[in-house]
Amino acid sequence: MTCHYYLSFCAILSILLVPHSVFIFAASDPLPTTIHLPLSTPNVSLHRRTADYRGQSNLPKAQMPLYEDVFGGYFAVRLSVGTPPQEFSLLVDTASTVTYVPRWGCEQCGNHQDRKFQPGLSNTFRNMSCNPSCNCDNERKLCVYERHYAEQSSSSGILAEDVISFGNGSEFAPQRVVFGCADRETGDLRSQRADGIIGLGAGLLSIVDQLVDKAVISNSFSLCYAGMDLVGGEMVLGGISPPQDMIFSHSDPSRSPYYNIDLKGIRVAGKPLKLNPKIFDGGHGTVIDSGTTFAYFPEEVFHAFKDAVIKETQYLKQIPGPDPSYNDVCFIGAGREVSELSRIFPSVDLVFGNGQKFTLSPENYLFRHTKVNGAYCLGIFSNGNDATTFLGGIIGLNTLVTYDRENNKIGFWKTNCSELSKRLPSSSVPSPPSVVLPTGDFRIGIITLEMLISVKNLSIKPNLTETVMFIAHELEVHNSQFQVHVLNSTLSGDNYLVRWAIFPAESSDYISYHTAMDIILRLREHRVLLPDRLGSYQLIEWNVEPQRTKNWWQRHRVGVGVSILIAVILFFILLGISLWCIRRRRRQTLGAYDGAVVSNPKRLWHYYLRVLA
């Protein structure tokens, strides 16, 4: 469950109720396997250490793209449920134990990016009948679940069993698992784009536990998040051979219901913070959770850490944060290049109980200021009165984190997560091509898309403009911030080749990197469904062009136009006043002249000159 940016402490821990249901799953394959899932089609413009990674080449893997990024709130994977498969976007969460999707007909569920799950369309769907091992509905017919999260959101519905597949790259057959079909969502769950949650936590209903019980995978999984400004990374379900220089910490499963490490101290620029090591054992201890964006320290630890970082960056000017409602610690003067942050901000060491230390890069505790270019803010906050030390997704940027549940330890290895798949053992199924977009100061001015649209009935020519507008609406880009135009279309065989473009509206000026990436990925992964009268589509080609530099007239034409309009209005107002004054003076002076003056043209001309004077 995602804990979004700037939530209060009650939104920090994605706490699920301990499941009461107990199920026994039959083993279907005596040989444990490994599922390898890339977290998206990454941008690889940043370069980090490139040491070779040696995994277990004898274990098969399955690859599938994940998308979003830690600062967008979460990483998500696309899984298929049912036969034939129905695809869903599921938030990756190590603090959750239940995997769920919203069920068709759920009026109290949010409007997410995919259609809700339709059990009636799946040939392999089966409800979990009421039994002594589960919580039952009021009619004592079906097993139900209800999960409440600390940020006051919740999910509830029935428990069911169906086939879940892990993408086309899976080297083993889809597996039957128990999951939730939500009939009700509250809080942030209703508003998030992801359809549901894939639970990686420790519990009988967890996807990991179910696959381990079936002997499909070994008792381990790993996450590797792409760095700042990038989208992607890797997720590995199953055991891997750890790199030789991976740093491990003991993880005590009896310590708390969440994954934890044995943290004993923190060093900033090599200098230890003056803290009692026991402070990291308070509450639930030091918890690792992929479903939360930032890190949260106990009050005393936070202030010690903040003061140490400020001391090491005295030459940087501090500025207010992006949201005045929060007292963020932000710095300006470090530049925009993430690769240069290590020369400016200090390194931070996490010291474990076994004496080993894992070094965090600045991108593991900083985030970009959303309103000031070249400014960064601390991504570590106070946990208030709670004694738990909480490490969210920011700690895992460009870090392979291995949850070795078999040996009760968690490992950390600094690497370039965008390129991790190249060093993992190759799969028999090639990974999809990467989507690479420029980052940094690059601003996107136009997205050009070329699509092949199939039509069920060629005798009826479709309204391609209407079709493109429908796609744009499904992509959530057909609104006041964007303009959508069909550039041209041609008939190619039995299909229409349509070239169209997305422009920023005048008020928006440019398209953000994350918006462009989301549009391209959703089209490439066929996450937009066309109306029934049309067949399908295929994204043939896409291109992004930078924001064009406007000349003086383009930048100031509105102001110039307003100025001209005001000048014209003032001119006519002054002209009207002048004419009124002329008529009035004429009436006042007309009595001083006889009719002869008026009848004489020469004298009449002198008369008007006198009036105007």
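Residues numbered from 1 in each chain as written. Predicted model: local features only at pLDDT ≥ 70, side-chain atom pairs only at ≥ 80, totals over all residues. Heavy atoms only, no water.

## Details of the state of the cysteines
According to the stated counting rule, one finds 5 disulfides in the structure shown. The disulfide that involves C130 links it to C136, with 2.0 Å between the sulfurs. The sign of the 90 degrees torsion about the S-S bond sets the C130-C136 disulfide as right-handed. A relative accessible area of 24% places C130 in the partly exposed class. Assessed through its relative accessible area of 17%, C136 is described here as buried. Across the disulfide, C134 is cross-linked to C143 (sulfur-sulfur distance 2.0 Å). Taking the sign of the torsion about the S-S bond as the criterion, the disulfide between C134 and C143, at about -75 degrees, is left-handed. Using a relative accessible area of 0% as the deciding quantity, one classes C143 as buried. Here the bonded cysteines of the chain are numbered in sequence order, and their pairing is 1-2, 3-5, 4-6, 7-10, 8-9. (Disulfide = S-S within 2.5 Å. Buried < 20%, exposed > 50% of the residue type's maximum accessible area, 1.4 Å probe, protein only.)

## A word on the pairing of strand β12 (residues 233–237)
The element β12 is largely enclosed, with a buried count of 5 among its 5 residues. Here β12 shows no split at all, with G233, M235 and L237 on one side and E234 and V236 on the other all buried. Bridge count between strand β11 (residues 220–225) and β12: 5 bridges; the pairing is antiparallel. Within the sheet, the bridge partner assigned to Y225 lies in β12 and is G233. (Helix = DSSP H or I, 4+ residues; strand = E, 2+ residues; numbered from the N terminus. Pairing = 2+ DSSP bridges.)

## A closer look at the UniProt feature "transmembrane region" (unreviewed entry) in the chain
Under the UniProt annotation, the feature "transmembrane region" (unreviewed entry) is placed at residues 558–582. Helix and strand shares over residues 558–582 are 100% and 0% respectively, and the end C-alpha atoms of the span are 36 Å apart. (UniProt positions renumbered as here; feature names shortened; annotations may be inferred.)

## A word on the nonpolar core
Core analysis: the largest hydrophobic core is formed by 86 residues, its most contacted members being I266, F305 and F345. For this core, the leading source of residues is helix α3 (residues 299–312), giving 5 residues. Beyond its immediate chain neighbours, meaning those up to four positions away, F345 contacts T313, L316, F331, A334, P362, Y365, L366 and Y376. (Core = buried A, V, L, I, M, F, W, Y, C linked by side-chain atoms within 4.5 Å. Contact = heavy atoms within 4.5 Å.)

## Re the pattern of salt bridges
Summed over the entire model, instances satisfying the criterion amount to 11 salt bridges. One salt bridge connects E340 with R343, and the closest N-O pair in it is separated by 2.6 Å. Overall, E340 belongs to the partly exposed group, its relative accessible area being 29%. Residue R343 is classed as exposed on the basis of its relative accessible area, which comes to 64%. Linked by salt bridges that have partners in common, R78, E87 and D114 make up one network. (Salt bridge = Lys/Arg side-chain N within 4 Å of Asp/Glu carboxyl O.)

## Here we look at the packing of aromatic side chains
For the structure shown, the criterion picks out 18 aromatic pairs. Ring centres 4.0 Å apart and planes at 20 degrees place the aromatic pair F75 and Y225 in the stacked group. Taken as a pair, F75 in the loop between β2 (66–67) and β3 (76–81) and Y225 in strand β11 lie far apart in primary sequence, 150 residues in all. Each of the two residues, F75 as well as Y225, counts as buried. Ring geometry for F221 against Y259: centres 5.8 Å apart, planes inclined by 65 degrees, an arrangement best described as edge-to-face. Linking F221 in strand β11 with Y259 in the loop between β13 (247–250) and β14 (260–261), this pair joins segments that are 38 residues apart in sequence. Look at F221 and you get buried, because its relative accessible area is 0%. With relative accessibility at 8%, the residue Y259 sits in the buried group. Each residue in the set F294, Y296, F367, F381 and F390 is aromatic and connected to the rest through ring pairs, giving one cluster. (Phe/Tyr/Trp six-rings, centres within 6.5 Å; stacked < 30°, edge-to-face > 60°.)

## Overview of the pairing of strand β7 (residues 144–148)
Of the two faces of β7, only one is covered, namely that formed by Y145 and R147; the face formed by V144, E146 and H148 stays uncovered. Two elements, β7 and strand β8 (residues 154–165), share 5 bridges in a ladder whose sense is antiparallel. Its bridge partner being in β8, H148 is matched across the sheet by S154.

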